[in-house]
Amino acid sequence: MTKDEQEQLLKRRSAFFGAKVEGNWKLDSTSTALLLLAAVGLLLTLIIVPKGGFIPDYYAPGDIASRDIKSPRDLLIEDRRLTEVKREEARDVILPLYDFDMLAGSQAVERLTQALSLIRQGGASEGAQLDVDAERLHLEETFGLVLSNDELLVLQGLSTDETVILNINRVLHRAFSRSIVANLQLFESDQAQGVVVRNLQSQDETIRHDVADVVGLEESLQRVTAQLQGIAELTAAQRPLLVKLMQQQLRPNLTYNQQETEARRSQAWDDVAPVLFQIKKGEMIVREGERVTSAQISKLRALRDLTRDNRSLQTAFGLLICAVLLIYVCYHFSRNNIRKFSPDTRDLLFLSLAFVGLFVLIKFAIFMSAGLESTFAYIESSSYYYAIPFALGTMLVRIVLNSESALAFAVCSSVLVGILFGNSLLMALYSLAGSLIGAHGVRHCKERSTLYRAGLWVALTNATLLVGIHFLVGRGLEIQLVYKLCMGLFGGLFSAMIVNGIIPLIESAFKYTTDIKLLELANMNSPVLRELMVQAPGTYHHSIVVGNLVEAAAEAINANPLLARVAAYYHDIGKIKKPLYFIENAGGMRNRHDKLTPSMSALILTSHVKDGAEMAREHKLGKEIVDIIRQHHGTALIKFFYDRAKNQADPGVQQIDERDYRYHGPKPQTREAALIMLADAIEAASKTLVDPTPARIQGMVQKLINNIFIDGQLDECELTLKDLHLIAKSFNMVLAGTFHHRVDYPEPVHIEREKETDCGDANENSDREPAKESQNSQTAAPQDSTEDLKRLGMS
């Protein structure tokens, strides 16, 4: 395996936070993002959907009240017991409905007449014995008369006198002259309060309270049997058969319509409006220490139900879809259209926890406001919501990650806040405005007071927006506006306080290097910098100057000045292990590289990058500092030792590989890393200038920037040509101030006389050789300057 292949393998295995290979299994970033998205959507749904407050539930009269409970506003609460009584009364008013069929008797007489005529005709016809079965089946199918063959033969023997048939029909007709019901006892019980009789033919309805003309089905059949006994023309065998025929045709003509009755009663139940009683705002519902009564329990449960939004499973499923889609669209758009938005697994986990944590805090604040509105009833319940620190999450994301991530977080969280507060657009606007102002306020947190200034700006934005919202909804000047302004101011300052307290926990848990952490690392008494000052004082001074250069340049191109300055302090800490092999720490001693081969010298120089990165990890300086240490030389060529190696090598035997004399990289990936690369080279080269005039400084700066740019070291960072121009201008100003000239102050008179005396003695005893040596040293200085530039690889 070649050296390049080994480096690529190490890069693939160095993914942070969850991308480590365990066996043969590895969860890629896309799968991780989708899992976190689903988890966040589900958790947000579980947080947003349930509603309610701290309203105690007393299960039985006589329980002791744990605290005072006042009504937070004017309420109309349903009296369920009284409403139930009213509805029962309305239901009882509806009378039973009976349907009366006035055509039932005539239809039965007609069917019986036709059947008897058919029977008599069958008995008088020839071959009657052969057609008995067919006639019996015809009677059963047509008239519903069920007779056996023997019974049919008996009836065929009826008298042919029409008077007999007429008397039989008259008996059935008399039976239907009265109303017949199937259950006379049920009818009589209903009749006590009255019944509604509906004529099926005319649909007219009448209320009846008398039952004189109503008989039961059994009584009507008994009367029919007695009247048939009075017809002399019938034989003893025919009478039972005629009773059987009468029973088959005798049916109730007054029937109870249970379905319609229940429908009318249900409608009457629904038509009764709930009985409401009023509770005034501030009215004491129950006092602490009192025994709770049934009426108070009803009020408390009604109050709890009013503050609870009983969402259905369907609503929760819809919210889950909307939340997941919203977060996915924001993530997908930002990932593909915003260059700086490229979160890794660690960042996605942090964003997910920030989302869930923010809404848990908001939900807890809602519960707290429900309790406060009962205690301070003169403040509207909605006023407490403006004290919730909505900007908290976005400020954290901006401090930990970047502005692009904070913008996406603010948009998603604000929309979901609006959904949480009953699809309120104004609450979403309130959350979004405060979040964006808070993120802007903490963009460059050079000191801890920056957090509180950002909180103050959020507070002022909240107050201004609340004035607009108050008048937008059509309300005038009133005391509630003052309460809302106080809550808005508190919400902004409270956000800064929470951020200040929670940032160290996030830095420790996720190993982030925030601006707050950088402020701590900027302390020159930190253990690493103190060791650098003792072991490598020249490197220490070099780092301080580089820090001044990059801080000014970062401000000029709108990069992160704090990160650039702190990274500059630590970029060469790897030189602590071999300080004397670096010329700035030699202190006039003999150059140790004179006794080493060029390849060994190059190896020592490049090792300080690796050693520095390891020391940064040991001292937990943070990923950003470690990356800048690894990138501050890029893949630059160590030209001095490369040229020496080529001069010493035998052209016919040995070929010098340029890659052995280059730093291992990677090239700078951020603007701050590129600034440190440029400042590192320029500060070192500035020490070789003999007469550092502004013109020479400007020429040196421009030459080195051009060389680094041509070498391709800036290809992977986001610096533009305009940025390079501003960087060069900034470097020139700082270096010009560093190499400033001072006026020679006159010496005291007695010192001047002593010098004149010493010079006179020296002139008497000296020749011109020292002056010649001085001239030679001055002429040699430019050559030494050029040699130093070559050693640095900058010529």
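Everything quoted here is computed from the prediction, not taken from an experiment.

Procedures and definitions
- Residues numbered from 1 in each chain as written.
- Predicted model: local features only at pLDDT ≥ 70, side-chain atom pairs only at ≥ 80, totals over all residues.
- Heavy atoms only, no water.
- Phe/Tyr/Trp six-rings, centres within 6.5 Å; stacked < 30°, edge-to-face > 60°.
- Helix = DSSP H or I, 4+ residues; strand = E, 2+ residues; numbered from the N terminus.
- Buried < 20%, exposed > 50% of the residue type's maximum accessible area, 1.4 Å probe, protein only.
- Core = buried A, V, L, I, M, F, W, Y, C linked by side-chain atoms within 4.5 Å.
- Contact = heavy atoms within 4.5 Å.
- 1 Å grid on protein atoms, 1.4 Å probe; cavity = no way out; pocket = protein on both sides within 12 Å on 5 of 7 lines; lining within 4 Å.
- Points joined across faces, edges and corners; volume = space filled by probe spheres on them.

**Student:** Just give me the short version of the packing of aromatic side chains, but keep the residues and values in it.
**Tutor:** According to the stated counting rule, one finds 14 aromatic pairs in the structure shown. Ring centres of Tyr-386 and Tyr-430 lie 5.2 Å apart, and the angle between their planes is 70°; on these two criteria the pair is classed as edge-to-face. Of the two residues, Tyr-386 sits in the loop between helix H15 (381–385) and helix H16 (392–400) while Tyr-430 sits in helix H18 (residues 425–441), which places them 44 residues apart along the sequence. The same class applies to Tyr-386 as to Tyr-430, namely buried. Pairing Phe-490 with Phe-494 gives two aromatic rings, centres 5.3 Å apart and planes at 15°, and the pair type is stacked. Of this pair, Phe-490 and Phe-494 both sit in helix H20 (residues 479–510), four residues apart, which is roughly one turn of that helix. The exposure class of Phe-490 is partly exposed, given its relative accessible area of 45%. A relative accessible area of 27% places Phe-494 in the partly exposed class. Grouping aromatic residues by their ring pairs yields a cluster made of Tyr-385, Tyr-386, Phe-390, Phe-421 and Tyr-430.

**Student:** Break down the nonpolar core for me, citing the residues and quoting the values.
**Tutor:** In terms of nonpolar packing, the biggest core is built from 61 residues, with Phe-350, Phe-359, Ile-362 and Phe-421 touching the most fellow members. Of all the elements in the fold, those that place two or more residues in this core are helix H2 (29–48), helix H13 (313–337), helix H14 (345–375), H16, helix H17 (403–420), H18, helix H19 (449–472) and H20. Here this core gets ten residues from one element, more than from any other, and that element is H14. Those residues in contact with Phe-421 that lie beyond four places of it in its chain are Ile-362, Ile-366, Tyr-385, Ile-388, Phe-390 and Met-427. Residues Tyr-540, Ala-559, Val-701 and Ile-705 belong to the second largest nonpolar core, which totals 58 residues.

**Student:** Describe empty space enclosed by the protein, and please don't skip the residues or the numbers.
**Tutor:** A complete count under the given rule lists three cavities of 30 Å³ or more for this structure. In this structure, the largest cavity occupies an estimated 50 Å³ of space.

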